[in-house]
Amino acid sequence: MATELNYPEIIKKILLEYLKYDSADDVIKSSVSFDDEHGNYVLLQAGWRGDDYLQGAVIHVQLIDGKIWVQYDGTEYGVANELADAGIPTADIVLGFRHPSVRQYTGFAVVV
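On a predicted model such as this, the values are computed, not experimentally measured, just so you know.

## Quick notes on the environment of Phe 97
Turning to its location among the elements, Phe 97 is positioned in the segment after β5 (93–95). Between the alpha carbons of Phe 97 and Val 70 there is a distance of 6.9 Å; along the sequence they are 27 residues apart. When neighbours within four sequence positions are excluded, Phe 97 is seen to be in contact with Val 70, Gln 71, Tyr 72 and Asp 73.

## A few points about the sheet that holds strand β3 (residues 52–64)
An order of β1-β2-β3-β4-β5 is seen for the five strands of this open sheet, with the pairing classed as mixed. The sheet is open, and its two borders are formed by β1 (28–35) and β5, each paired with just one other strand. For this sheet, the mean angle separating the axes of adjacent strands, direction not counted, is 20°. Here 10 bridges tie strand β2 (residues 40–49) to β3, and the two strands are oriented antiparallel to one another. Looking across to β3, one finds that Gly 47 is bridged to Leu 54.

## What to know about the pairing of β3
The antiparallel pairing of β2 with β3 creates a hairpin that spans two residues between the two strands, and Gly 50 there sits at a positive phi of about 65°. Here β3 pairs with strand β4 (residues 67–73) via six bridges, running antiparallel. Bridging across to β4, Gln 62 finds its partner in Trp 69. Taking the residues between adjacent antiparallel strands as the criterion, β3 and β4 are bridged by two residues, where Asp 65 takes a positive phi near 50°.

Calculation criteria
Residues numbered from 1 in each chain as written. Predicted model: local features only at pLDDT ≥ 70, side-chain atom pairs only at ≥ 80, totals over all residues. Heavy atoms only, no water. Helix = DSSP H or I, 4+ residues; strand = E, 2+ residues; numbered from the N terminus. Contact = heavy atoms within 4.5 Å. Pairing = 2+ DSSP bridges. Axes fitted to C-alpha atoms, helices over the stretch in contact; angles between N-to-C directions.

Dropping the structure here:
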């Protein structure tokens, strides 16, 4: 019997794992924002590094027309690889931050 994957659940689980990397003395803290109604999932960081205030998205993933669109990925391994490792078919993962003309070379979905 085939099991249907719950994409929002898998995305949330992966993003929540990143929160474990913050330590008690870190001045840059991570948080997540999940919007199931609109299919938006974000890992954010904010805090001070010396005299500089840093704030922004580390990962931004959207569900669009049944596919997972990685809109931004500031990680080394790649959230798209983590999604594939979790069992999501690469044909359902779009690297939105890659130009449509080069997506065919990424190993992930090609959507124009």
